[in-house]
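# Notes for the structure review
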Amino acid sequence: MQIRNSRRGWPVLVVLAAVLIGAGSGGEPWEGTFEAEPVHPPECTSPVGICTRGVLHDADTGKAVAIYEFTMLTMRPSGKGAEVDFTGESVLTKLTGAPGFLFAEDEGSFTPNATGPSPFVTRVHIVGGTGSYQDATGSLTATGELDTTSGETSGTYTGTIRR
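Everything numeric in this text was worked out from a predicted model, so none of it was measured. Each chain carries its own residue numbering, running from 1 in the direction its sequence is written. Given that this is a predicted model, residues contribute local features only at a pLDDT of at least 70 and side-chain atom pairs are listed and counted only at 80 or more, while totals for whole chains, interfaces and linings are drawn from all residues. Side-chain numbers come from the whole structure's heavy atoms, not from hydrogens or water.

### Section: the layout of surface pockets
- Computed over the protein atoms alone on a 1 Å grid, cavities are sets of points where a 1.4 Å probe fits but cannot get out and pockets are open sets with protein on both sides within 12 Å along at least five of seven lines; a residue lines them when it has an atom within 4 Å of a point. Grid points are joined across faces, edges and corners, and a volume is the space filled by probe spheres set on the points. For the largest pocket, the calculated volume is near 530 Å³.
- If you trace the largest pocket, you find 27 residues lining it, with Thr52, Phe70, Phe120, Thr122 and Thr153 closest to the centre.
- Under the DSSP-based scheme used, a helix requires at least four consecutive residues in state H or I and a strand at least two consecutive residues in state E, with every element numbered from the N terminus. When residues of the lining of the largest pocket are traced back to their parent elements, those giving at least two are strand 1 (28-38), strand 2 (51-58), strand 3 (64-77), strand 4 (84-94), strand 5 (101-110), strand 6 (118-129), strand 7 (137-146) and strand 8 (153-162).
- Think of it as three bins: nonpolar holds Ala, Val, Leu, Ile, Met, Phe, Trp, Tyr, Cys and Pro, charged holds Asp, Glu, Lys and Arg, and polar takes everything else, Gly as well. Residue composition of the lining of the largest pocket, by class: 19 nonpolar, seven polar and one charged.

Laid out in structure tokens, this is it:
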């Protein structure tokens, strides 16, 4: 009797194991450095006038793995001193591995500093893409500095992207 009852549980156990194995894969880890420069109108279509284009480099090899284009959509005081919150959207173009574009919604904050680098943090939420990234999800966190004189940014990023 016990054997027959345990057999009925096998399909559930197999499905659960498959879910756990898939969840454990965690997706593609992304980690490295980036740098970007400002993009100006008319190419920049940001309602607040801030766009950047840059390159993501792999932490291990230093090779360029993606080009990214960021458009800031909103900007407002955070209520924490001089800190400013922002939202935006990004498109990442893969240069290595599986080809495709990744689409993202960004949110973050920065603290303007007229006499030196302005620190910022951006959370990049992957919301889809093209090719093998059509159903992509995940997130990246980028931490860096904005040079208020040149408009250039640089820093590090880390996160995971699932296809």
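### Concerning the sheet that holds strand 6
- By this definition, two strands are paired if DSSP reports at least two bridges between them. Within the closed barrel, the eight strands sit side by side as 1-2-3-4-5-6-7-8. Their pairing is antiparallel. Taken over all neighbouring pairs, the strand axes of this sheet differ in orientation by 25 degrees on average, direction set aside.
- Inspection of the sheet shows strand 5 paired to strand 6 by nine bridges, in the antiparallel sense. Counterpart to Phe110 in the pairing with strand 6 is Phe120. Angles here are taken between N-to-C directions and fall from 0 to 180 degrees, while the axes themselves are lines fitted to C-alpha atoms, restricted in helices to the stretch in contact.

### Describing the side chain of Thr52
- Positionally, Thr52 belongs in strand 2.
- The exposure class assigned to Thr52 is buried, which follows from its relative accessible area of 12%.
- Contacts were defined at the residue level, with two residues in contact if any of their heavy atoms lie within 4.5 Å. If we ignore the near neighbours within four places in the chain, the residues touching Thr52 are Ala36, Glu37, Pro38, Val39, Tyr68, Glu69 and Phe70. Only protein chains enter the accessibility calculation, which uses a 1.4 Å probe; a residue is then buried when its area is under 20% of its type maximum, exposed when over 50%, and partly exposed in between.

### Regarding the environment of Phe34
- For Phe34, the location among the structural elements is in strand 1.
- Ignoring anything within four residues of it in the chain, the contact list for Phe34 reads Val55, Leu56, Tyr68, Phe120, Ala142, Thr143, Gly144, Thr153, Ser154, Gly155, Thr156 and Tyr157.

### What about the pairing of strand 6?
- Here strand 6 pairs with strand 7 via nine bridges, running antiparallel. Among the inter-strand pairings, Ile126 is bridged to a residue of strand 7, identified as Gly138.

### Focus: the state of the cysteines
- Our working definition of a disulfide is a cysteine sulfur pair at a distance within 2.5 Å. For the structure shown, the criterion picks out one disulfide.
- In this model Cys44 forms its disulfide with Cys51; the gap between the sulfur atoms is 2.1 Å. Looking along the S-S bond of the Cys44-Cys51 disulfide, the torsion reads about 75 degrees, which is the right-handed sense.
- On the basis of relative accessible area, Cys51 is assigned to the buried category, the value being 6%.

### Quick word on the environment of Gly131
- With respect to the helices and strands, Gly131 occurs in the loop between strand 6 and strand 7.
- Judged by relative accessible area, Gly131 falls into the exposed class, the value being 56%.
- When the C-alpha positions of Gly131 and Ala98 are compared, they lie 8.3 Å apart, and in sequence the two are 33 residues distant.

### Observations concerning the packing of aromatic side chains
- Here the aromatic set is Phe, Tyr and Trp, taking the six-membered ring for Trp, and pairing holds for ring centres within 6.5 Å; pairs whose planes are under 30 degrees apart are stacked, those over 60 apart are edge-to-face, and all others are tilted. Using the criterion set out here, one finds four aromatic pairs in the structure.
- Between the aromatic rings of Phe34 and Phe120, the centroid separation amounts to 6.2 Å while the plane-to-plane angle is 55 degrees, which identifies the pairing as tilted. Taken together, the residues span a long stretch of sequence, with Phe34 in strand 1 and Phe120 in strand 6 at a distance of 86 residues. There is no split in this pair, since Phe34 and Phe120 are both buried.

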